[in-house]
Amino acid sequence: DNIGLARKPPFPWFGMDIGGTLVKLVYFEPKDITAEEEQEEVENLKSIRRYLTSNTAYGKTGIRDVHLELQDLTLCGRKGNLHFIRFPTHDLPAFLQMGRDKHFSSLHTTLCATGGGAYKFESDFRMMADLELHKLDELDCLIRGVLYLDSVMSSGPSECYYFENPADPDHCVQKPCTLENPYPLLLVNIGSGVSILAVYSENNYKRVTGTSLGGGTFLGLCCLLTGCSTFEEALEMASQGESTRVDKLVRDIYGGDYERFGLPGWAVASSFGNMMSKDKRESVSKEDLARATLVTITNNIGSITRMCALNENIETVLFVGNFLRVNTLSMKLLAYAMDYWSKGQLKALFLRHEGYFGAVGALLELLHPS
Amino acid sequence: MKYQCRRRVDKEDEMTCLIKGCNFVLKNIPHEAFVYAKHADSEFRFQTTNPDIFPYLLVNIGSGVSIVKVESEDKFERIGGSSIGGGTFWGLGALLTKTKRFDELLQLASKGQHASVDMLVKDIYGGSYGYLGLTGDLIASSFGKSATADKDFSKEDMAKSLLHMISNDIGQLACLYAKLHNLSRVYFGGFFIRGHPVTMHTITYSINFFTKGEVQALFLRHEGYLGTIGAFLKGAEEDNPNQYSWGENYAGSSGLMSVSPDMNPMQRARSGTFPFDMLEMDRLERQLVNLPLLQDPSSYIPDTVDLTEDALAREYWLYCFEEALDGVVKRAVASQPDMPEAALRAEKFRQKYRHKLQTLRQQPFAYGSLTVRSLLDTREHCLNEFNFPDPYSKIKQRENDIALKYYQKAVKSLDELSWEEKQFALVRGVLAGNVFDWGAKAVSDVLESDPEFGFEEAKRQLEERPWLVDSYDQWLERLKGPPHKCALFFVDNSGVDIILGVMPFVRELLSRGTEVVLASNSGPALNDVTNGELQILTERIAAMDPVIEAGLREDRLLLVQSGSSSPCLDLSRLDKVLAMVVRERQTDLVIIEGMGRAIHTNYYAMLSCESLKMAVIKNSWLADRLGGKLFSVVFKYEVPAGKPNKDCGAFSPS
């Protein structure tokens, strides 16, 4: 935040991240507006502010995550609240329509946007809402956003946390921590798909690899297997199910542990392996299938992450992305897997603002162009 | 099992057997490993067997995935694995498509379009993610469209998505392990792979993607047998299987993917009563090793033409062998006049060999690279299977007897020539003698009646110089220099060839002070002389020739079996004793004679010492291919590059 304040960009201040499944929007609500400013404020700017801050739901699918709101934040010399809003990418046309209705384009602000959608929908923005997007790279924004949010002195709970005793359900607790001297860091962003980045410093990072088995896969497979239609529904089912009915475990094959190679009997030998048998297919519930899907995708991400950490020689892993939103099950699984299979060498960290970092990074670019 | 079979059942550790079996096939079966390239001219690219197989990574994809690092015969470790494997594909596939069978799932997958189910990079970016170099067609999120789609997906599309998802995941993990352990040889096996071009393709693609083309996925022809072979070897441990050498028996083995569902339905019907895949291996009593004189053993490929790649050549040779079948059958029957069921067995041989040829026409890759050598060897194996181990046995004897009668006269007339004339006559003698090859249809007519006349006639008929390949002048120059220490001579046919062509040549070498090692076949093939026969012949010649007699007595003329029972010659699989002798005697000249050994194989072989390859091309197609005509002569004298002839100012062609 030390870059000399040139001209402050005009309000409203937005950061947008248009992903494969979700659009993440970050909005800065200034709380230090002087009477003068208020006088000069254009009507549609006021209405936008009022609309966003007095609602927590927008249309049928837009949500403002109130619990993530950052209050009394100082950004670019202004004091205010940072709001976190999301809606499905599928509903972007509705959003654009609204932008048009509210004459957003007449405000002449730059709309900083990142994510694939910034490229894919660039012409839609222009045509439908007469808006020019300032396109930014999603990984640049992600890292910028992560580093910023962790450093912000906020009165609320710590941004960064980890799980103590992840294997013990009765004693598993969330514990706060900071990303002080975090480098080198492995950043795993679990959205529709997964990107794994090795971060060596604020401006020095590389995308190590990615995997197509991500949040989109979990949701997609769940919908096909159980008939559910939302992420929340899928998670709810998963919390009720028993994945060991669906998966084939080591003990199902060996009758116990496979001692020779240190594989405990409870480890999964083949995900969905029991489903090769017709009888078993007919005896499992939708909840079991949902659970198995969750466990399979999560453990796979854990596996690939662990191998990357080994190859890159990094011991700290940071998991972000909206797959982990309200998904304590996956978080604990990841925490446990990292710890167990690395024999305590790897540490799994999480951040409260999960999937919003790209949007935050975009906002930062607006305020402090790099 | 104990109860049903009333036999003791020893449980052996699965992983140990798998690795033992894998090591075994990699070391012993030529062309075991291959790279699969779906869109290339030849889908299967077979790897040359390298004795140095360690270290490597074995990725076994069964219900789950095991990743094993193998560092030596006894040192291996399961370094990781994945629960997302064949069981996942099958289980999830069954749930999503209601298809029960694994093979059916794969068939569905091969017909599907995954882009309707998966979220691709272009679905997110509207194109490629240029900044990171991720092209638009890459899968960003498997099944990423399934949540929001308003319509049902076809079974085929879902199966395809699932296949990509799983193959890519396994491939990625394998690459991560390979990278961590610095391994560049990665073999894939397990029921997920076995005989399924679809999965081989997706895995190949995945490995190629994640290593940016640096590592190639390798598959094994016999990977379905690894565990069983390993178990067998464990049981046979006291017998020390490593002291033997092994070969694949083409008669008894069904080829790659003979029971694949993708296979030609005609083929499957023809397979007849035996719906199983088979592997039959021959255990050879003696160990086979590399010829120490190969310039680069790791890159040595015996065969001159790869018929799996060369479609025109393949068509010709398959046709040629089919045409020749009648003659071979007649010969086989005629060789066993006292055995009543010979005709019956010969017919069975005909059916079997014809079936093999047809299989090879459909699937040239069935036994590894298809070559003239493998076609010849397959024929030999089939003949053996129906109890025709040596159809030319009596003919060989007859020819030997007649040729022996003419021996002294031939040698006497040679001795009367001037030195230079003699050298040329000796060479022409070997070449003319080589024309006498019952294996080549074009020649058999000329020879039925009078071998002596035939030999003189053949010498006269021999192509005028310059020959098709003609380094005779360089050879002559070399002969003016100091004698070679020891010559290794791979001989060819019985009768006129060995007795009237080769022996006088050998005699000359002995007279110059060069030791001679005659390497002949361990087992019969066509009318090639075997070591056993050569022993007898040489003694009979020694009885009439003091030079040969002295050579034998003074241990300067040695007869050693080559380890081969083929009309062709694989210099990487020679009898261990021969290799030892070659080293001990400091062999500095290798002579290879005949079409099988010097043209179908080893035409391009590079040796680390002087070599002489002599043959007459008795096949007009091949002659034409090489730029000559029927009965063109190949006389290839080579000196390894960078090794000037010691006391010889002569120009050395490489």
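As recorded in an unreviewed UniProt entry, chain A goes by the name pantothenate kinase, listed as coming from Haplochromis burtoni. What the UniProt record of chain A gives under Sequence similarities (unreviewed entry) is the line "Belongs to the type II pantothenate kinase family." Quoted straight from UniProt, the Subcellular location (unreviewed entry) entry for chain A says "Cytoplasm".

Chemist: Where do I start with the overall build of chain A in this structure?
Modeler: From N to C terminus, chain A includes 13 helices and 17 strands. Counting only C-alpha atoms, chain A reaches 75 × 45 × 35 Å along its principal axes. Out of the 370 residues belonging to chain A, those deemed buried represent 58%. Within chain A, contacts between residues separated by at least 24 positions form 66% of all contacts whose residues are at least 6 apart in sequence. Each charge class in chain A was averaged separately, 36 positive and 46 negative side chains, and the resulting centres sit 3 Å apart.

Chemist: Would you mind showing me how to read the domain arrangement of chain A here?
Modeler: All names here are of chain A. According to the domain assignment, chain A contains domain 1 (13-141 + 357-367), domain 2 (160-241 + 286-351) and domain 3 (247-283). If you average the C-alpha positions of domain 2 and of domain 3, the two centres end up 23 Å apart. Taken together, the contact pairs eight residues of domain 2 with seven residues of domain 3. Between domain 2 and domain 3, roughly 610 Å² of surface is buried when both sides are summed, and carbon and sulfur atoms account for 74% of that area. When residues of domain 2 are sorted by the area they lose upon contact with domain 3, T296, Y340 and W341 head the list and together hold 49% of the total. Our enumeration of links across domain 2 and domain 3 arrives at zero salt bridges. The interface formed by domain 2 and domain 3 includes zero residue pairs in polar contact (both at pLDDT 80 or more).

Chemist: What exactly am I supposed to notice about the interface of chain A and chain B here?
Modeler: Size of an interface: often given as the accessible area lost when the parts come together. Facing 55 residues of chain A, the contacting portion of chain B comprises 51 residues. Here chain A packs against chain B, burying approximately 4,300 Å² in sum over the two surfaces, 64% of which is carbon and sulfur. In this assembly, chain A and chain B are joined by one salt bridge. Linking E312(A) and K179(B) is a salt bridge whose minimum nitrogen-to-oxygen distance equals 3.8 Å. Seen at the junction of chain A and chain B, the total is 18 residue pairs in polar contact (both at pLDDT 80 or more).

Chemist: How should the sheet that holds strand β15 (residues 515-520) of chain B be read in this particular structure?
Modeler: Residues and elements named next belong to chain B. Reading across the sheet, the seven strands line up as β13-β20-β19-β18-β14-β15-β16 and stay open at both edges, with mixed pairing between neighbours. What marks the edges here is a single partner per strand, and that holds for β13 (469-470) and β16 (557-561). Note that strand β14 (residues 486-490) and β15 share five bridges and pair parallel. Of the residues in β15, the one forming a bridge with C486 is E515. Its contacts with the sheet place helix α17 (residues 472-479) against β13, β18 (589-593), β19 (610-616) and β20 (633-638), and it is angled at close to 45 degrees to β20. Strands in contact with helix α18 (residues 496-512) are β14, β15, β16, β18 and β19; relative to β15, the strand with the most contacts, it is inclined by about 155 degrees.

Chemist: Could you clarify how one ought to interpret the confidence of the model for chain A in this entry?
Modeler: As a general rule, the predicted coordinates of low-pLDDT regions are not to be interpreted in detail. On average, residues of chain A score 90 in pLDDT, and 97% of them reach the 70 mark or higher. pLDDT under 50 marks residues 1-5 of chain A. Its contacts with residues more than four places away, or in other chains, come to seven contacts.

Chemist: Explanation requested: the sheet that holds strand β2 (residues 44-46) of chain B in the structure shown.
Modeler: What links the strands of a sheet is backbone hydrogen bonding, and the strands pair in either a parallel or an antiparallel sense. All names here are of chain B. Strand order in this open sheet of seven strands is β2-β1-β9-β8-β3-β4-β5, and the pairing throughout is mixed. In this open sheet, the two strands that pair with only one neighbour each are β2 and β5 (76-82). Averaged over all adjacent pairs, the angle separating strand axes in this sheet is 35 degrees, with direction ignored. With three bridges connecting them, strand β8 (residues 186-189) and strand β9 (residues 217-220) associate as parallel partners. Across the sheet, the residue bridging to F188 is F219, located in β9. Against the sheet, helix α7 (residues 197-210) contacts β1 (33-36), β2, β3 (56-61), β8 and β9, and its axis sits at roughly 150 degrees relative to β9.

Chemist: It is not clear to me how the confidence of the model for chain B should be interpreted in this structure. Could you clarify?
Modeler: Residues and elements named next belong to chain B. Per-chain confidence: chain B averages 87 in pLDDT, with 90% of residues scoring 70 or above. Taken element by element, the predicted model of chain B shows its lowest mean pLDDT in helix α9 (residues 265-270) (44) and its highest in β14 (98). Contacts for the low-pLDDT stretch residues 645-654, under 50 throughout, to residues beyond four places or in other chains number 18 contacts. Two summary scores accompany this predicted model of the complex, namely pTM at 0.81 and ipTM at 0.90.

Chemist: For this particular structure, what's the right way to read the packing of helix α13 (residues 393-415) of chain B against helix α19 (residues 531-542) of chain B?
Modeler: Packed helices, taken two at a time, are described by the angle their axes make and the gap between the axes. Residues and elements named next belong to chain B. The N-to-C vectors of α13 and α19 enclose an angle of 20 degrees; their axes lie 11 Å apart at closest approach. As the angle between them shows, α13 and α19 are arranged roughly parallel. Considering how the two elements wind past one another, α13 and α19 form a crossing that is right-handed. Facing α13, whose interface residues are K396, N400, D401, L404 and Y407, α19 presents E533, L537, R540 and I541. Per-class residue counts for the contact of α13 with α19 are four nonpolar, one polar and four charged.

Chemist: Could you clarify how one ought to interpret the environment of G255(A) in this entry?
Modeler: Along the chain, G255(A) falls in the loop between α9 (250-254) and β15 (268-270). Residue G255(A) is classed as exposed on the basis of its relative accessible area, which comes to 69%.

Chemist: What's the story with the pattern of salt bridges in this structure? I'm lost.
Modeler: Within this structure, the stated rule accounts for 62 salt bridges over all chains. Ionic pairing is found between R49(A) and E41(A), a salt bridge with its closest N-O pair at 2.4 Å. We classify R49(A) as buried; its relative accessible area is 13%. The salt bridge involving E549(B) is made with R553(B); its shortest N-O contact spans 3.1 Å.

Chemist: What is the right way to look at the environment of G627(B) in this model?
Modeler: All names here are of chain B. Topologically, G627 is positioned in the loop between α23 (620-625) and β20. The class of G627 is exposed, set by a relative accessible area of 59%. Placed 158 residues apart in sequence, G627 and V469 show a C-alpha to C-alpha distance of 9.9 Å.

Chemist: Would you mind showing me how to read helix α12 (residues 372-385) of chain B here?
Modeler: Given 3.6 residues to a turn, an α-helix orients residues that are three or four positions apart in the same direction. All names here are of chain B. For α12, built from 14 residues, the straight-helix expectation of 20 Å at 1.5 Å per residue is met to within 8% by its first-to-last C-alpha distance of 20 Å. Across the 14 residues that make up α12, a large majority, 12, are buried. Taken residue by residue, α12 has V372, R373, S374, L375, L376, D377, T378, R379, E380, H381, C382 and L383 as its buried positions. As for α12, its buried residues are in contact with β10 (245-248), β11 (281-284), α10 (311-335), α11 (342-362) and α22 (595-600). Directly beyond the C-terminal end of α12, a positive phi value near 65 degrees is found at N387.

Calculation notes
Residues numbered from 1 in each chain as written. Chains lettered and ligands numbered in written order. Predicted model: local features only at pLDDT ≥ 70, side-chain atom pairs only at ≥ 80, totals over all residues. Heavy atoms only, no water. UniProt positions renumbered as here; feature names shortened; annotations may be inferred. Helix = DSSP H or I, 4+ residues; strand = E, 2+ residues; numbered from the N terminus. Buried < 20%, exposed > 50% of the residue type's maximum accessible area, 1.4 Å probe, protein only. Contact = heavy atoms within 4.5 Å. Lys, Arg positive; Asp, Glu negative; His and termini not counted. Charge placed at Lys NZ, Arg CZ, Asp CG, Glu CD. Domains from an automatic or database assignment. Buried area = accessible area lost by both parts, 1.4 Å probe. Salt bridge = Lys/Arg side-chain N within 4 Å of Asp/Glu carboxyl O. Polar contact = N/O pair within 3.5 Å; in protein donor to acceptor, adjacent residues only side chain to side chain. Pairing = 2+ DSSP bridges. Axes fitted to C-alpha atoms, helices over the stretch in contact; angles between N-to-C directions. pLDDT = per-residue confidence, 0-100. Parallel < 35°, antiparallel > 145°, perpendicular 65-115°, else oblique. Left-handed = near helix turned anticlockwise from the far one by under 90°. Nonpolar A, V, L, I, M, F, W, Y, C, P; charged D, E, K, R; others polar. Expected span 1.5 Å × (residues − 1).

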